Amino acid sequence: MLTREENELLTRTGPGTPMGELFRRFWQPIALAEEVAEADRPPKRMKLMGEDLLLFRQSDGRVGLVEPRCAHRGADLYFGRNEECGLRCVYHGWKFDADGRCVDVPNMQPGRARDNIMKTARIRSYPVREWGGQIWAWFGPEGAEPELPMVEWALVPPENRYISKKLQECNWAQSLEGAIDTAHFSYVHRVLSEEGTGKPVYLDKRQQWIHEDGAPTFEVIGHDGGLVMGGARRADPGELYWRISQYLVPNHSLAPGTFPGEPYAAQSWMPVDDENCWIFTVTWCPDRPISDEELERYDSGRSVHAMVDENYVPHRNRANEYMLDRELQRTKLFMGITGLSEQDAAIQDSQGRIADRARETLTPSDAGIVQFRKLVLGLARDLQQGIEPPQAQRPEVYACHSGGAVEPEDVPFEQVLERRFGHPTAHATDLLPGRQAAE
């Protein structure tokens, strides 16, 4: 459990908050590249970590992320025109480019006064980069931005990945905690029976092991980028099935379970405000394109990707109780809700917009969550004392693997990682030619 003060520290990310300042020391995914695919289209309203912003692609292809208020009289630039490499306010025609610079003041006569206005009038802007099919933004100190994190999905060809976005109607931290808590798979995602048979249905032995052993044991190892976590369940006699996930500072996780040749998955959480967040979900294959069959599954919501509307709001959400079907719950699905993503959202949202961690009763299965909180709270407190988070300056520590493995029950976790990934903390040294590998 956390004290109420610690919970406030963990969950608040607005400007000036300790956790908000920590988030602002890292490149943050803010949108899908497809959201601003075309130049000179209308700006897109964004709310990120409590700040109202506009996202747009200007005529030369550059993407801008700026505050919405014109420096002249404060009119909302959302109503402006995205034209000729800038947003033009429709009130008096002032125009601002992707860097927030004033590039035109047409309601003044040419001359020194106009030139001075153009030199000094600015709107707040943030650096952005396109990386791995996403738009990333830097909210930290001006000119201090590091290299982008070397996440694996950004290092593969575009045809090898699939990216989606959805709104989550709760605080970022409790949703992330749901992702790194692999014990819940035995319950939240349980299939009770195959329709019409009354018998359990398993896609493979891994699913059977998950459902039959609902009390996995956990190992957590800290590394330069965050934490690698392993949950071990009983498998065939004398063996353990390991589901291995990663938490990467401050708001990314790599999903467990993948065997070689299968698609990998990751998620990133971007706070909208303290009670809502965007979740970016990525599925990728290191060595092959995503297949047509896989694409169809992802598009139809039969995976970790949710079915969403044109505003990236899930079809199953708080307003319609995630289309909970009590008959389905009685006969087929433990939760009575269809879709892995939707099942996760329902149970995470059910904890409240901001979970009250002072009322928790934690168990050994929460080891990863406890270590996550210690790590991220420690980094936020350090930053308050002027100690910068070291992970932000080391993009190579984000090249990590997650997945699954079956090993004899006497093989220690570190050796499981070495045998499965070739590295004692599952860092992807193979992805970093010419770079110093993370240790």
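That block above? That's the structure.
Counting of residues starts from 1 at the beginning of each chain's written sequence and follows it residue by residue. Owing to the predicted nature of the model, reporting of local features is limited to residues with pLDDT of at least 70; listing and counting of side-chain atom pairs is limited to 80 or more, with chain, interface and lining totals taken over all residues. Excluded from the side-chain calculations are hydrogens and water; all other atoms, namely the structure's heavy atoms, are used.

Comments concerning helix H9 (residues 367–384)
Here is step 1: Each helix is a run of H or I in the DSSP string that is no shorter than four residues. Each strand is a run of E no shorter than two, and both are numbered from the N terminus. Take the residue count of a helix, subtract one, and multiply by 1.5 Å to get its expected span. The end-to-end C-alpha distance of H9 is 26 Å, a good match for the 26 Å that 18 residues give at a rise of 1.5 Å each.
Here is step 2: For every residue, the accessible area (1.4 Å probe, protein chains only) is compared with the maximum for its type, and the residue is labelled buried under 20%, exposed over 50%, or partly exposed between those bounds. Three or more residues of H9 are buried, namely Gly 368, Ile 369, Phe 372, Arg 373, Val 376, Leu 377, Leu 379, Ala 380 and Leu 383. All buried residues of H9 fall inside an arc of 155° around its axis, so they share one side.
Here is step 3: Close packing links the buried residues of H9 with helix H1 (4–11), helix H2 (18–23), helix H4 (172–180), strand S13 (217–223), strand S14 (226–234) and strand S15 (239–248).
Here is step 4: Gly 386 occupies a position one or two residues after H9 and carries a positive phi of about 90°. The arc in question is formed by the directions pointing from the helix axis toward the C-beta atoms. Note on contacts: a residue pair qualifies if any of its non-hydrogen atoms lie within 4.5 Å across the two residues.

Remarks on empty space enclosed by the protein
To find the voids left in a structure, one rolls a probe of water-molecule size over its atoms.
Here is step 1: Of the grid points, spaced at 1 Å and generated over the protein atoms alone, those admitting a 1.4 Å probe that cannot get out make up cavities, while open sets with protein on both sides within 12 Å along at least five of seven lines make up pockets; any residue with an atom within 4 Å of a point is treated as lining. Grid points are joined across faces, edges and corners, and a volume is the space filled by probe spheres set on the points. On inspection of all chains with the given rule, the structure shows three cavities of 30 Å³ or more.
Here is step 2: In this structure, the largest cavity occupies an estimated 80 Å³ of space.
Here is step 3: Along the wall of the largest cavity there are 13 residues; nearest its centre are Phe 26, Trp 27, Pro 149, Ala 392 and Tyr 398.
Here is step 4: Each residue is assigned to one of three groups, with Ala, Val, Leu, Ile, Met, Phe, Trp, Tyr, Cys and Pro labelled nonpolar, Asp, Glu, Lys and Arg labelled charged, and all others, Gly among them, labelled polar. By residue class, the composition of the lining of the largest cavity is nine nonpolar, two polar and two charged.

Section: the packing of H1 against H9
Here is step 1: For helices, the fitted line uses only the C-alpha atoms of the stretch in contact; every axis is such a line through C-alpha atoms, and the angle between N-to-C directions lies from 0 to 180 degrees. Between H1 and H9, the least distance of the axes is 10 Å, while the angle of their chain directions is 75°. In terms of their interaxial angle, H1 and H9 are classed as roughly perpendicular. Two secondary-structure elements touch here, H1 through Glu 6, Leu 9 and Leu 10 and H9 through Phe 372, Arg 373, Val 376, Leu 377, Ala 380 and Arg 381.
Here is step 2: When the residues that make up the contact of H1 with H9 are grouped by side-chain class, the tally is six nonpolar, no polar and three charged. Orientation labels follow simple angle bins: below 35 degrees gives roughly parallel, above 145 gives roughly antiparallel, 65 to 115 gives roughly perpendicular, and whatever is left gives oblique.

In short, geometric facts, not functional conclusions.
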